[in-house]
Amino acid sequence: MSVRIYRIVGRMRVGMQWQRFSLELLATKPSEAVEIAYSELGSRHKLKRSMIKIEEVKEINKDEIKHTEILQLLSMESLVRW
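What counts, and where the lines are drawn
Residues numbered from 1 in each chain as written. Predicted model: local features only at pLDDT ≥ 70, side-chain atom pairs only at ≥ 80, totals over all residues. Heavy atoms only, no water. Core = buried A, V, L, I, M, F, W, Y, C linked by side-chain atoms within 4.5 Å. Buried < 20%, exposed > 50% of the residue type's maximum accessible area, 1.4 Å probe, protein only. Helix = DSSP H or I, 4+ residues; strand = E, 2+ residues; numbered from the N terminus. Contact = heavy atoms within 4.5 Å. Pairing = 2+ DSSP bridges.

A. Representation of the nonpolar core in the model. Residues Ile8, Phe21, Leu23, Leu41 and Ile52 are the most contacted members of the largest nonpolar core, which totals 14 residues. Where this core is concerned, the elements lending two or more residues are strand 1 (4-14), strand 2 (17-27) and helix 1 (30-45). In terms of residue count, helix 1 provides more of this core than any other element does, 5 residues in total. If sequence neighbours within four positions are ignored, Leu23 has contacts with Tyr6, Arg7, Ile8, Ala37, Leu41 and Arg44.

As structure tokens, then:
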């Protein structure tokens, strides 16, 4: 399976307001990208899944990437784990 780039767009409840978010993630399929989004937002903002509403999951190509971290990850030849 090849790794693809997905943009996840939605809203999350922060305090009493709904705030829009957009994430760019590397995943092998759309459902995996959604799970990673729930995990990252829940971890970063202490949110439960019911406080996150995903509105769009879209596969994008390298030209559409807005976050430089993703471009840097894609340019690496291999990932070294300790």
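After that view, the rundown keeps rolling.
B. The pairing of strand 2, seen in detail. The pairing of strand 1 with strand 2 spans 11 bridges and is classified as antiparallel. Its bridge partner being in strand 2, Arg4 is matched across the sheet by Ala27. From the end of strand 1 to the start of strand 2, which pair antiparallel, there are 2 residues, and Gly15 there has a positive phi angle of about 70°.

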